[in-house]
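The chain contents come next:
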Amino acid sequence: MRRKVATRWLAGGATVVAGAVIALALQVPNASAATNLSLGAGADGSSKASGTSYGNVIDGNASTYWSPSGSTGTVSVKWGSATTVSSAVIVQASGGGSISGWQLRNHDTGTVLASGSSAPSTINFSSTSLKKISFVITSGSGTPRIAEFETYSSGGSTPTSSPTSGPTAGPTGNPGTPTGAWPSSAGSASISGTVSVSGTFDGGMKTYCCIGDGGQGESQDPMFKIANGGTLQNVILGSPAGDGVHCEGTCTLRNVWWNDIGEDAATFKQTNGGTSYVIGGGARNGSDKNFQHNGNGTVNISGFYLKGTGKLYRACGNCSTSHTRHVRIDNVLVDDIDMLAGINSNWNDTATITRVVVIGSATICGKYRGVPKGSEPSYLGEGWNDANCKVNRSDVTFR
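We now turn to the structure provided with this report. The model shown is predicted, which means the values in this text are computed figures rather than measured ones.

Re the pattern of salt bridges
Point 1. Taken as a whole and judged by the stated rule, the model has nine salt bridges.
Point 2. We note a salt bridge from Lys269 to Glu248, for which the minimum N-O separation is 3.5 Å. In this pair, Lys269 sits in the loop between strand S15 (266–268) and strand S16 (275–279) while Glu248 sits in the loop between strand S13 (245–247) and strand S14 (251–258), placing the two residues 21 residues apart along the sequence.
Point 3. Residue Lys269 is classed as partly exposed on the basis of its relative accessible area of 33%.

Here's the deal with the packing of aromatic side chains
Point 1. As enumerated under the stated definition, the model contains twelve aromatic pairs in all.
Point 2. Ring geometry for Phe201 against Phe224: centres 6.0 Å apart, planes inclined by 35°, an arrangement best described as tilted. Pair noted here: Phe201 is in strand S10 (residues 200–209) and Phe224 is in strand S11 (residues 224–226), with a separation of 23 residues, a long-range link. There is no split in this pair, since Phe201 and Phe224 are both buried.
Point 3. Plain terms: the ring middles of Trp258 and Phe291 are 5.9 Å apart, the flat faces sit at 75° to each other, and that makes the pair edge-to-face. On the criterion of sequence distance, the pair formed by Trp258 in strand S14 and Phe291 in strand S18 (residues 289–293) is long-range, its members being 33 residues apart.
Point 4. Judged by its relative accessible area of 0%, Phe291 is buried.
Point 5. Pairwise contacts between aromatic rings join Trp258, Phe268, Phe291 and Phe304 into one cluster.

Section: the side chain of Asn331
Point 1. Tracing the sequence through the fold places Asn331 in strand S21 (residues 325–344).
Point 2. Residue classification places Asn331 among the buried residues on the basis of a relative accessible area of 10%.
Point 3. At a separation of 2.9 Å, a polar atom in the side chain of Asn331 contacts the main-chain carbonyl oxygen of Gly176.
Point 4. The contact partners of Asn331, leaving out residues within four places of it in the chain, are Gly176, Thr177, Pro178, Ser302, Gly303, Phe304, Thr354 and Arg355.

Re the pairing of strand S3 (residues 73–92)
Point 1. With 14 of 20 residues buried, S3 lies mostly within the body of the structure.
Point 2. As defined by bridge partners, S3 adjoins strand S6 (residues 122–141) across twelve bridges and the pair is classed as antiparallel. Note that in S6 the partner of Ser87 across the bridge is Asn124.

A closer look at the nonpolar core
Point 1. Of all hydrophobic cores here, the largest spans 53 residues; its most connected members are Phe224, Leu253, Trp258 and Ile301.
Point 2. Looking at this core element by element, the count peaks at eight residues for S21.
Point 3. In this structure Leu253 touches Leu232, Val245, Cys247, Trp258, Ala266, Phe268, Tyr277, Val278 and Ile279, once residues within four positions along its chain are discounted.
Point 4. Counting residues in hydrophobic clusters, the runner-up holds 24 residues, among them Ala41, Val85, Ile90 and Ala114.

Here is what the cut-offs are and how they apply
Residues numbered from 1 in each chain as written. Predicted model: local features only at pLDDT ≥ 70, side-chain atom pairs only at ≥ 80, totals over all residues. Heavy atoms only, no water. Salt bridge = Lys/Arg side-chain N within 4 Å of Asp/Glu carboxyl O. Helix = DSSP H or I, 4+ residues; strand = E, 2+ residues; numbered from the N terminus. Buried < 20%, exposed > 50% of the residue type's maximum accessible area, 1.4 Å probe, protein only. Phe/Tyr/Trp six-rings, centres within 6.5 Å; stacked < 30°, edge-to-face > 60°. Polar contact = N/O pair within 3.5 Å; in protein donor to acceptor, adjacent residues only side chain to side chain. Contact = heavy atoms within 4.5 Å. Pairing = 2+ DSSP bridges. Core = buried A, V, L, I, M, F, W, Y, C linked by side-chain atoms within 4.5 Å.

Structure representation (structure tokens):
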């Protein structure tokens, strides 16, 4: 019989940072891929570096790119008739300069649809009908490289569940480059059951411990349960940590560390088609998956360190609902793992991977055939620079 545990709620005001740049609702919550409206469109801009082309941002090939002639510039996607757009994905090529300021503009009216102060990835904004949309790099260093400027109309909800509303703005903050260093604990906090978090919970870098048995049993309770739109930050999870962290909707995990992964470090259960964020932090001592994605939408992982487990990320291959799922992995360090990302190509999952350092050897993007609940997915092989595995070999450094 499953052990019942006490649940307590820790409420806090959800933090919305002025000028937050990466908004949350992304397309494709169903098991069919959304259409990248940029494919087949036109492109132009303000300037281009020698050897680059505006058209490279709309060719679906992440190995080609556009660069401005300096550290700032504009690249645009345009259509012959008015087109409804509600989200954009900016894919940067490796080896270029950095972006420290940007705007996304409706070129027809000059309206700023979104803006930010660090390199964006997925950008969501109010659904807008336009003929031309521009990505403007307003400040940066070196010469930035934009591999793809993808655009999408609004996505649908899943037919099996009603969407819940997510937060209106994405998190900000640069997690820095992971080094493998482990943080010092600021003290201990003993818990006897699941801690439910609404809003933002800051653990002050204390070590929270302990529930569960540290094994792979599927019946274990999570140590933290995050409500839709919630944030868990500055927390160390001691051992054992049960089933880690459950995100009931979209969530942000900022500077969260797992001393022992146990069953899974975190499980993302969102059904609103939005984006959850893992910013900084790290995990160690596991045997299977670190981040389990059971819901839909996107998980964005940046600045993370992982040592000694099976996979950094796995899109569920046999859950009760066959969602399309997406992961974006950037600026991570992994040591002694088997696979960086496992996705289901038959459900049109995607993994966009940049700036990865691997100590040892690992499969970077593994493709599976997803199956109904009760069956086991079959492994299809590793992908590179294709429709599902959006990663170039130059984006991965093996040590």
